[in-house]
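Architecture and fold: a report
Listed below, chain by chain, are the residues.
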Amino acid sequence: MQMKLVGSLTSPYVRKVRVVLAEKKIDYDFELDSPWLAGNTVAEVNPLGKIPVLVLDDNTTLFDSRVIVEYLDNVAPNNKLMPAPNRERAEVRRWEALADGVCDSAALIFLERKRPIEQQSSEWTARQQDKILRSLEFMASELAEHPWCAGTHFSLADVAVGCALGYLVFRFPEIDWQERHPNLARLYAKLIRRPGFAETVPQG
Ligand code: GSF
């Protein structure tokens, strides 16, 4: 029995896991489910009721995406996405935390906009928007003219950043990060040519 990933076609965290699976060339079953669907069974595999969830061959369930990608990187020795030395590893994981944080804020805005208009808070939305814009600035300044986010090789940092930028393209095309940060746009153009990214473009 191979591993099973539970998730949706729109979630940036699920995409991060799928890109890692592709980069590591690991076969898996993909079960489409989302906590926002009526009758979904996500809570049966994750008490937090969130996706992604990875179900292992002995039915152990792993969540959240950061736990899953660390596990996957160590399942197979090929194409390591996290460096072993502590300092470099922390740098990669910080990029991941930053990228995931952008997704958190973007998802919160998306959900806020789904509430009845009179219940929406513009202060709350602005607070989340600030986090996104500040984080994009920070990413651009850290990336500078380096070929990849961390070190000299493609890593989990690039996977996470690519998924966050892809989520902004998908849900918030009005944020003009490509014009403001041409170096991020160049990185993104390079990332979406990789099969793992090309096969997981958000849809729905
Ligand atoms: C975030 C997962 C998450 O919020 C991770 O796995 O990295 N830190 C976690 N997933 C969303 C779907 S989406 O916005 O991608 C989710 O499942 N939300 C349901 C809920 O009830 O919050």
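Here the structure is a predicted model, which means the values were calculated and not measured. (Residues numbered from 1 in each chain as written. Predicted model: local features only at pLDDT ≥ 70, side-chain atom pairs only at ≥ 80, totals over all residues. Heavy atoms only, no water.)

1. Points about the side chain of Thr 200
Selection criterion: Counting from the N terminus, the helices are the DSSP runs of H or I reaching at least four residues and the strands are the DSSP runs of E reaching at least two. Here, two residues are considered to be in contact whenever any of their heavy atoms come within 4.5 Å of each other.
In this fold, Thr 200 is placed in the segment after α9 (195–198). The contacts of Thr 200, once residues within four sequence positions are left out, are Arg 15, Arg 18 and Val 19.

2. Quick word on the environment of Ala 99
Along the chain, Ala 99 turns up in helix α4 (residues 86–112). On a C-alpha basis, the gap between Ala 99 and Thr 60 in space is 27 Å, while along the polypeptide they are 39 residues apart. Setting aside residues up to four positions removed in sequence, Ala 99 forms contacts with Met 139, Ala 160, Val 161 and Ala 164.

3. Here we look at the site of the ligand
Quick reminder of the rule: Any residue with a heavy atom lying within 4 Å of a molecule or strand is counted as near it. N or O atoms within 3.5 Å of each other form a polar contact, as long as, within protein, one can give a hydrogen and the other can take it, and as long as residues adjacent in sequence are counted only when both atoms are side-chain atoms. Every accessible area reported is derived by Shrake-Rupley at a probe size of 1.4 Å, with residue values counting cover from the shown protein chains alone. Classification convention: Asp, Glu, Lys, Arg as charged; Ala, Val, Leu, Ile, Met, Phe, Trp, Tyr, Cys, Pro as nonpolar; all other residues, Gly among them, as polar.
Around the ligand, the surrounding shell consists of Ser 11, Pro 12, Tyr 13, Pro 35, Trp 36, Gly 49, Lys 50, Ile 51, Pro 52, Asp 64, Ser 65 and Ala 107. At 2.6 Å from an oxygen atom of the ligand is found a side-chain nitrogen or oxygen belonging to Ser 11. Between a nitrogen atom of the ligand and a main-chain N or O atom of Ile 51, the distance comes to 2.9 Å. For the ligand, whose unbound accessible area comes to 540 Å², protein coverage reaches 78%. Classifying every residue of the shell around the ligand by side-chain character gives seven nonpolar, three polar and two charged.

Such coordinate-based values are descriptive only and should not be taken to indicate function.
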